[in-house]
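Commentary on secondary and tertiary structure
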Amino acid sequence: MTRTLPERLAALVTALAAAVVVIVIAILPFLTPAWVSFEQGRTRAAALTGYTPAELNAATNAILHDLVIGPPDFAATVDGAPVLEERERDHMRDVRGVFAAFGLIAVAAAIALVVLSIGARRMGHPERAWAAIAAGMRGLIVVIVVAGVIAAVAFDAAFELFHQLFFPGGSYTFDPRTDRLVQLFPFDFWSETTIVVGVVIIVIAAILAVVAGRRARAGAAVNTAPAAIRPEPA
């Protein structure tokens, strides 16, 4: 069946919105103290900072609180001494700004996904929304796999490019010998977390691609069946 330009645009927006929502869902667990503490243990953040485990957890949790909830003071202290220098706090405020922008995009994507799905259902073609979601998930898997291959062979360059795109030049370079921020969150912390986030995104997307694909095919079969044998709507 030939679709109109608005229908194609609706399908594209639905696919993109579904991908954004999945990325957000996959990232959220990795902003929790449980994951951060686990990964800091793997990357020996306590040894790098010289903090005790209790001090490390207190400092990290305070930073996470300011990042996710606010206000963005990032004024955590250990034994009365500030954990982060002003330049490090400025960078964390920049990070929070990026998070806030992505959060707004995620909210808009979720709203668009709901509105377009309801619209497709009211037009009598819910299978189109499901098909778009399945396509979005397949596209997301391809993007994550390609990004994973690039990161595997050039993670340093990819990490640098990410920061160049989202942060002012020079604001994100720190010395792991002296700067607490990169001692709390070492390079290996980010590389390992990125890998696990990518895997989670792929798993969620694969499951949704299968489910949405089946619903799309089932809906298409109903709509193409002769009227006499179509099931009555509930």
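Scroll up to find the structure.
Right, let's walk through the structure included here. (Residues numbered from 1 in each chain as written. Predicted model: local features only at pLDDT ≥ 70, side-chain atom pairs only at ≥ 80, totals over all residues. Heavy atoms only, no water.)

From N to C terminus, the protein includes 8 helices and 2 strands. Going residue by residue from the N terminus, the α and β elements of the protein occur as α-α-α-α-β-β-α-α-α-α. Taken over the C-alpha trace, the protein has a radius of gyration of 22 Å; the compact-globule value for 234 residues is 17 Å, which it surpasses by more than 25%. Projecting the C-alpha coordinates of the protein onto the three principal axes gives extents of approximately 80 × 35 × 30 Å. Across the protein, the fraction of contacts at a sequence separation of at least 24, relative to all contacts at a separation of at least 6, is 76%. When the accessible area of the protein is evaluated, it comes to approximately 13700 Å², of which 70% is carbon and sulfur surface. Mean positive and mean negative side-chain charge positions of the protein (18 and 19 charges, respectively) differ by 17 Å. (Helix = DSSP H or I, 4+ residues; strand = E, 2+ residues; numbered from the N terminus. Rg over C-alpha atoms; globule rule 2.2 N^0.38 Å. Contact = heavy atoms within 4.5 Å. Areas by Shrake-Rupley, 256 points an atom, 1.4 Å probe, with all protein chains shown as cover. Lys, Arg positive; Asp, Glu negative; His and termini not counted. Charge placed at Lys NZ, Arg CZ, Asp CG, Glu CD.)

Let us now look at the nonpolar core. Ranked by internal contacts, the top residues of the largest apolar core, which has 23 residues, are Leu113, Ile133, Met137, Leu140 and Ile201. Taken together, the elements giving at least two residues each to this core come down to helix H1 (5–27), helix H5 (86–122), helix H6 (126–166) and helix H8 (187–224). Considering every element that reaches this core, the biggest residue donor is H1, with 8 residues. Counting residues in each nonpolar core, the second largest holds 22 residues, with Met92, Phe167, Tyr172 and Phe189 among its members. (Core = buried A, V, L, I, M, F, W, Y, C linked by side-chain atoms within 4.5 Å. Buried < 20%, exposed > 50% of the residue type's maximum accessible area, 1.4 Å probe, protein only.)

Let us now look at H5. The first and last C-alpha atoms of H5 sit 54 Å apart over 37 residues, in line with the 54 Å expected at 1.5 Å per residue. For H5, the full list of buried residues reads Glu88, Arg89, His91, Met92, Val95, Ala106, Ala109, Leu113 and Ala120. Close packing links the buried residues of H5 with H1, helix H4 (53–68), strand E2 (81–82), H6 and helix H7 (180–184). Following H5 by one or two positions, Gly124 adopts a phi angle in the positive range, close to 85 degrees. (Expected span 1.5 Å × (residues − 1).)

With that settled, the discussion passes to the packing of H4 against H5. At a closest axis distance of 9 Å, the pairing of H4 and H5 adopts a crossing angle of 45 degrees. Classified by the angle between their axes, H4 and H5 sit oblique to one another. Residues Ile63, Asp66, Leu67 and Val68 of H4 form the contact with H5, whose own contacting residues are Met92, Val95, Arg96 and Phe99. Classifying every residue of the contact of H4 with H5 gives 6 nonpolar, no polar and 2 charged. (Axes fitted to C-alpha atoms, helices over the stretch in contact; angles between N-to-C directions. Parallel < 35°, antiparallel > 145°, perpendicular 65-115°, else oblique. Nonpolar A, V, L, I, M, F, W, Y, C, P; charged D, E, K, R; others polar.)

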